[in-house]
Amino acid sequence: SFITAGLCRIFRQDGWKTVPFKSQNMALNSYITQDGKEMGRAQVMQAEAAGVQPDARMNPILLKPTSDSGSQVIVNGEIYGTMRAQEYYTKKQELVPHILRAYRSLAEENDIIVLEGAGSPAEINLKSVDIVNLGMAELSDSPAILVGDIDRGGVFAALYGTIMLLDEAERRRIRGVVINKFRGDVEILKPGLKMLEDLTGIPVLGVVPYLPLELDDEDSLSERLMQKKADESALLDVAVIRLEALEQVDGVSVRYVPKRSELGMPDVILLPGTKSTMADLRWLRQSGLEAAILKCHEKGIFLMGICGGFQMLGQTLSDPEHAEDGGTLRGMGLLETETVFRSQKQRSQTAGVISGVSGMLESLSGCPVTGYEIHMGETVCTGNGVPFVHLQDGRADGCVSADGTVCGTYLHGIFDAPEFSAKLVQLLLEKKGISGTTVP
């Protein structure tokens, strides 16, 4: 993903109309385009590098895992169906025309398309149905660059083994090799580069140093998910139960909490979005994390839910149309809301203003926010529940508790709004008794 983004930026700087393309992506976190389509976030980052608007054609197939062996299949930004792995592999070839239409329409509008593969091109058990690695290179008659990740170890064996497992026609497509994520003195590496060239007959185009950049990447490969302990030098400790982020704000330590023993007593707890809200709420309950979160709430720790996390915070979750598991489930009871799941997915970019909030969050009133919605449910405030955001289209979004210590919203990307993030961090610092600190 990183190398693809870099090439997109280089070609753009050289004056070429450039777009990224990944025929098949697997990622739980998707992005909603301006026309309401879904696509992988890595391709959104690459589109930004290329200086173009994200377009679902850049990622014609998106697989969003719903279980260990099944995924929701998104084709050109729209839901195609939910399939188990075996069913999907039997239908892969049916999707090739969709891929080619997306690719050819982009090719008509641009000078260069940078294709990203997925995993290894030498997965010999899957090569016959490959539509994203050298299979896509063949469909588009494209040259290929083989990228090896030296940070994982064994890069020479991986590169040589990959090339040797390709057939002759596939090898001819490999025009060069790049080694990524190198740490140290490249002079020590150079003898190995020469030996690899001699063994394979393919030139090494370059070595890219390890760069700790905060870029959108694949969920399962994200190094940021490995942080388990709070940064003691940070002013605020944010514990994320599964995903989302305030990572870009200086002085904020964000860590990801997979089990009760690692939660502790943070300053902020974020409950992020999830593809399986009811199943994940049961998991929180069974793992003891729900009880730990409720204990933190009793001590006044600020708690915020995004999308599925927002739904969990309410009184009840009902699924009459079996969009998820069916039936009704008790929520965490921290917000006066009720959620009903529907089979129709809400997808849109949106903006609004925080208004009418009280308690700890009162100073956020009037703050503009932006983000996007992607959810299969409708949540309404009940009783004394107060909406969090008034949207530009007249709708109300989210809910806030009377004392402002718990809030929820459907807006993914809300922390990307600089004014909101800065104000929220500022009031949390004040709540902690830290004054005189300016948040950038």
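Shown above is the structure to which this text applies.
Quick caveat: nothing in here was measured; it's all calculated off a predicted structure.

A.B. asks: Got a minute to help me understand the pattern of salt bridges in this structure?
C.D. replies: Using the criterion set out here, one finds 21 salt bridges in the structure. Among the ionic pairs, E38 bridges to K345, the shortest N-O distance being 2.8 Å. Of this pair, E38 sits in strand β4 (residues 38-40) while K345 sits in strand β18 (residues 337-354); the two residues are 307 residues apart in sequence, bridging distant segments of the chain. The pair E38 / K345 is uniform in exposure class, with both members buried. Across the pair R173 and D141 runs a salt bridge, and its minimum N-O distance is 3.3 Å. Of this pair, R173 sits in helix α7 (residues 168-173) while D141 sits in the loop between α5 (134-140) and β9 (144-149), and the two are 32 residues apart along the sequence.

A.B. asks: It is not clear to me how the sheet that holds strand β11 (residues 204-209) should be interpreted in this structure. Could you clarify?
C.D. replies: Consider a sheet: its strands pair through backbone hydrogen bonds, and that pairing is either parallel or antiparallel. The strand order across the open sheet built from 3 strands is β9-β10-β11, with neighbouring strands paired in parallel fashion. Looking at which strands have only one partner, the edges of the open sheet turn out to be β9 and β11. For this sheet, the mean inter-axis angle between neighbouring strands, taken without regard to orientation, is 20°. Together, β9 and β10 (174-182) form the strand contacts of helix α6 (residues 155-165), whose direction differs from that of β9 by roughly 150°.

A.B. asks: Looking at this model, I keep getting lost on unusual backbone geometry. Mind explaining?
C.D. replies: Backbone phi values are negative for most residues with the exception of glycine, while trans is the configuration of most peptide bonds. Positioned with a positive phi, C307 is a non-glycine residue whose angle comes to about 55°. Position of C307 relative to the elements: it lies in the loop between β15 (302-306) and α11 (308-312).

A.B. asks: Help me understand the side chain of N180, please; the structure alone is not making it clear to me.
C.D. replies: By secondary structure assignment, the location of N180 is in strand β10. Not counting residues within four places of it along the chain, the set of residues in contact with N180 comprises F2, I3, V147, G148, D149, I150, D151 and V208.

A.B. asks: Looking at this structure, how should I read the side chain of S23?
C.D. replies: For S23, the position within the fold is in the loop between β1 (18-21) and β2 (24-26). A distance of 2.5 Å separates a polar atom in the side chain of S23 from the backbone oxygen of I131. Apart from the residues lying within four places of it in its own chain, the contact partners of S23 are N59, P60, I61, I99, I131, V132 and M136.

A.B. asks: Would you mind going over the nonpolar core with me for this structure?
C.D. replies: Within the largest apolar cluster, 59 residues are counted, with the highest numbers of intra-cluster contacts made by M304, L361, F388 and F420. For this core, the element with the most residues is helix α12 (residues 418-431), which contributes 6 residues. If we ignore the near neighbours within four places in the chain, the residues touching L361 are F302, F388, V400, G404, C407, L424 and L427.

A.B. asks: Would you take a moment to explain the sheet that holds β2 for this structure?
C.D. replies: Spatially, β2-β5-β6-β7 is the arrangement adopted by the 4 strands of the open sheet, whose pairing is mixed. Only two strands of the sheet have a single neighbouring strand rather than two, namely β2 and β7 (78-84). Neighbour-to-neighbour, the strand axes of this sheet turn through a mean angle of 25°, independent of strand direction. In this structure, strand β6 (residues 70-75) lies alongside β7, joined through 6 bridges in antiparallel fashion. If you follow I74 over to β7, its bridge partner there is I79.

A.B. asks: Quick question: what am I supposed to make of the packing of aromatic side chains here?
C.D. replies: What describes a pair of aromatic rings is the distance from one ring centre to the other and the angle between the planes of the rings. Going through the model one piece at a time under the given rule, you end up with 6 aromatic pairs. Each ring, one from F310 and one from Y410, has its centre 5.2 Å from the other, and the planes form 80°; the classification is edge-to-face. Within this pair, whereas F310 is found in helix α11, its partner Y410 is found in the loop between β23 (406-409) and α12, the two being separated by 100 residues in sequence. Residue class for F310 comes out buried when judged on its relative accessible area of 1%.

A.B. asks: Hey, could you run me through the packing of α6 against helix α8 (residues 186-200) in this one?
C.D. replies: Helix-helix packing is described using two parameters, namely the angle between the two axes and the distance between the axes. Following both chains from N to C, one finds α6 and α8 inclined at 10°, their axes separated by 11 Å at the closest point. Taken together, the axes of α6 and α8 lie roughly parallel to each other. Residues F156, L159, Y160 and I163 of α6 form the contact with α8, whose own contacting residues are L189, G192, L193, L196, L199 and T200. Along the lines of polarity and charge, the residues of the contact of α6 with α8 split into 8 nonpolar, 2 polar and no charged.

A.B. asks: Please clarify how the state of the cysteines should be interpreted in this entry.
C.D. replies: Put plainly, a disulfide is one covalent bond tying together the sulfur atoms of two cysteines. Using the criterion set out here, one finds 0 disulfides in the structure. The closest cysteine sulfur to the non-disulfide-bonded C296 is located on C407, 16 Å from its own sulfur. Distance from the sulfur of C307, which forms no disulfide, to the nearest cysteine sulfur (C407) is 14 Å.

A.B. asks: Help me understand a nonpolar patch on the surface in this model?
C.D. replies: On the surface, I145, V147 and L205 cluster together into a nonpolar patch covering about 250 Å² of accessible area. In this structure, L205 sits in strand β11.

A.B. asks: I keep staring at the environment of A158 and nothing clicks. Help me out?
C.D. replies: With respect to the helices and strands, the residue A158 is situated in helix α6. With 38 residues separating them along the chain, A158 and S120 place their C-alpha atoms 9.5 Å apart.

Definitions and limits used
- Residues numbered from 1 in each chain as written.
- Predicted model: local features only at pLDDT ≥ 70, side-chain atom pairs only at ≥ 80, totals over all residues.
- Heavy atoms only, no water.
- Salt bridge = Lys/Arg side-chain N within 4 Å of Asp/Glu carboxyl O.
- Helix = DSSP H or I, 4+ residues; strand = E, 2+ residues; numbered from the N terminus.
- Buried < 20%, exposed > 50% of the residue type's maximum accessible area, 1.4 Å probe, protein only.
- Pairing = 2+ DSSP bridges.
- Axes fitted to C-alpha atoms, helices over the stretch in contact; angles between N-to-C directions.
- Contact = heavy atoms within 4.5 Å.
- Polar contact = N/O pair within 3.5 Å; in protein donor to acceptor, adjacent residues only side chain to side chain.
- Core = buried A, V, L, I, M, F, W, Y, C linked by side-chain atoms within 4.5 Å.
- Phe/Tyr/Trp six-rings, centres within 6.5 Å; stacked < 30°, edge-to-face > 60°.
- Parallel < 35°, antiparallel > 145°, perpendicular 65-115°, else oblique.
- Nonpolar A, V, L, I, M, F, W, Y, C, P; charged D, E, K, R; others polar.
- Disulfide = S-S within 2.5 Å.
- Patch = residues over 30% accessible without salt bridge, like charges linked within 9 Å, V, L, I, M, F, W, Y side chains within 5 Å.
- Areas by Shrake-Rupley, 256 points an atom, 1.4 Å probe, with all protein chains shown as cover.

Take it as geometry only, folks, not as evidence of what the structure does.
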